[in-house]
Amino acid sequence: MRKRRLGRTELMVSEVGIGGLGIISNILPDRQAGVDTVRYALDRGMNYIDTARGYFDAESVIGLAIEGRRDEVILSSKSYLRSGALAYRDLETSLATLKVKKLDMFQVHHVQYKSELEQVMAPKGALEALETAKREGLIDHIGITSHHTRVLAEALETGRFDTVMFPFSPVEHEGFEEIYRAAKRFDVGIIAMKVLSSGRLTAVEEAIQFCLAHDIAMCVLGCTTREHVDRDIAAAEAFHELTEEQKRNLCSQGAGLAEGFCRRCRICEGLCPMKIPIADVFRCEDYLILNATYARNEYRALERRADDCLGCGQCEMVCPFKLPVRQGLQRAHERLNRGKFEDMAVNFLHKVKLYDLARKAYFSLGGKLPER
Ligand code: SF4
Ligand code: SF4
């Protein structure tokens, strides 16, 4: 696999890497299936694994997969927590769960709003704690992830982050230039995520090539099976430089494919009298395709939800993509608010240690993996 330099970390990363949310055991027949996918990806030359405290059992699956192979992997995890003490504790848990002494990278996860960035950057905030962890030798580098390009650009301008990860695809590329300028100034390593726009883009090769045609280090993809690994590697290996016109063509094809897709620009949220995190509601709905329990948990954790909508329509007046936001919120709420009994059953099965058995039965009776 071809490798690229991950900015000032000086790490050489494979052009495509493994995203931890794809190998969690509740979307696979069992935990071993995730272990096999990760090991297969390493065998095929992927050398970067991105995971998170919030990705169910991804860290323990990866911990099993990399046993005896630590030196083949550039390993990164991340935490949602903003206070220094809690983020540091999350890092310790990640190290223990992944069964490693050190991580190549730890990222501040999903920093969506300026107020969250302020918490991260404040004295005794997450960043200060991670800088301490870096001095102590628990991590080598610190990264930040978000869907909010303006917040990311502001974070990068502090010069305190080594890497940045954000959604980037032919469908979702607004704000790239702003992040790119800030990243280049401080030689920050750029990682693309949501390259297939949460499963909307089925033209995998074109999507990966679009990303790699930009001056980024790599794409992280949620590989669930060996077939996904093969497909992503084939796309990266077939990469050739694209002309500006080819990039523009891909963008306009992407725009067509993404009809009704919220680009998370958040222009509408500033006008919403109920302060509904509209882009986050749609993000949670997108997760349903990958993992319904994860999607619903994320949705329940939002401070305001779609059923708080007053129907005033202010959001639709400013949405540059002319999305029918009210209708979309109603649909998202209906889809995300289901399944309480299903979740209770899943939790019970976990508790009585019968979850893996039940999953196996589900698959042997014809249950299917979600499409990517
Ligand atoms: S609904 Fe429209 S304005 Fe609001 S975040 Fe999505 S794309 Fe942007
Ligand atoms: S229609 Fe609903 S989501 Fe849109 S601005 Fe009004 S209250 Fe907010």
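Keep in mind that what you see is a predicted model, and the values were worked out from it rather than measured.

## Some points on the site of ligand 2
- In the neighbourhood of ligand 2, 13 residues make up the surrounding shell, with Cys-272, Cys-309, Cys-312, Gly-313 and Cys-315 lying closest.
- Secondary structure elements with two or more residues in the shell around ligand 2: α13 (314-318) and α14 (325-336).
- Tallied by class, the residues present in the shell around ligand 2 amount to 9 nonpolar, 3 polar and 1 charged.

## Section: the site of ligand 1
- Residues in contact with ligand 1, as listed here, are Cys-262, Arg-263, Arg-264, Cys-265, Arg-266, Cys-268, Cys-319, Pro-320, Phe-321, Leu-323 and Val-325.
- Taken together, the residues of the shell around ligand 1 break down into 8 nonpolar, no polar and 3 charged.

## Things to note about the domain arrangement of the protein
- For the protein, the domain assignment lists domain 1 (3-253) and domain 2 (269-338).
- Facing 16 residues of domain 1, the contacting portion of domain 2 comprises 14 residues.
- For the pair domain 1 and domain 2, the summed buried area comes to about 1200 Å², and 52% of that belongs to carbon and sulfur atoms.
- The three residues of domain 1 that bury the most area against domain 2 are Leu-21, Phe-56 and Tyr-113, which together make up 33% of that side's buried surface.
- Counting every contact that joins domain 1 to domain 2 gives 0 salt bridges.
- When the residues that make up the side of domain 1 that touches domain 2 are grouped by side-chain class, the tally is 7 nonpolar, 6 polar and 3 charged.

## Side note on a nonpolar patch on the surface
- Residues Phe-348, Val-352, Leu-354 and Leu-357 make up a contiguous nonpolar surface patch of about 380 Å² in total accessible area.
- Inspection of the secondary structure assignment puts Phe-348 in helix α15 (residues 340-351).
- Residue Phe-348 is classed as exposed on the basis of its relative accessible area, which comes to 52%.

## As for helix α7 (residues 176-185)
- Residues of α7 that are buried include every one of Phe-176, Ile-179, Ala-182 and Ala-183, and no others. For α7, the arc enclosing every buried residue in end-on projection is 140°, short of the 170-degree limit, so these residues lie on one face. Across from the buried face of α7, at angles greater than 90 degrees, the exposed residues are Arg-181 and Arg-185.
- Close packing links the buried residues of α7 with α6 (149-156), β8 (163-167) and β9 (189-193).

## A look at the pairing of strand β3 (residues 16-19)
- In terms of strand pairing, β3 meets strand β10 (residues 218-221) through 3 bridges, oriented parallel. Its bridge partner being in β10, Ile-18 is matched across the sheet by Leu-221.
- Where β3 lies against strand β4 (residues 48-50), 2 bridges are found, and the strand directions are parallel. Residue pairing across strands places Ile-18 opposite Ile-49, the latter belonging to β4.

## Description of the nonpolar core
- Ile-144 and Cys-219 are the most contacted members of the largest nonpolar core, which totals 106 residues.
- Each of domain 1 (3-253) and domain 2 (269-338) contributes no fewer than three residues to this core.
- Discounting residues that sit within four places of it in the chain, Cys-219 has contacts with Glu-15, Val-16, Gly-17, Ala-192, Val-195, Ile-208, Cys-211 and Leu-212.
- Counting residues in hydrophobic clusters, the runner-up holds 12 residues, among them Leu-11, Ile-74, Met-165 and Ile-191.

## Here's the deal with the side chain of Thr-37
- Tracing the sequence through the fold places Thr-37 in helix α1 (residues 31-43).
- We classify Thr-37 as buried; its relative accessible area is 5%.
- Apart from residues no more than four positions distant in its own chain, Thr-37 is found in contact with Ile-23, Cys-223, Thr-224, Thr-225, Arg-226 and Val-229.

Criteria and cut-off values
Residues numbered from 1 in each chain as written. Chains lettered and ligands numbered in written order. Predicted model: local features only at pLDDT ≥ 70, side-chain atom pairs only at ≥ 80, totals over all residues. Heavy atoms only, no water. Near = heavy atom within 4 Å. Helix = DSSP H or I, 4+ residues; strand = E, 2+ residues; numbered from the N terminus. Nonpolar A, V, L, I, M, F, W, Y, C, P; charged D, E, K, R; others polar. Domains from an automatic or database assignment. Contact = heavy atoms within 4.5 Å. Buried area = accessible area lost by both parts, 1.4 Å probe. Salt bridge = Lys/Arg side-chain N within 4 Å of Asp/Glu carboxyl O. Patch = residues over 30% accessible without salt bridge, like charges linked within 9 Å, V, L, I, M, F, W, Y side chains within 5 Å. Areas by Shrake-Rupley, 256 points an atom, 1.4 Å probe, with all protein chains shown as cover. Buried < 20%, exposed > 50% of the residue type's maximum accessible area, 1.4 Å probe, protein only. Arc of directions from axis to C-beta. Pairing = 2+ DSSP bridges. Core = buried A, V, L, I, M, F, W, Y, C linked by side-chain atoms within 4.5 Å.

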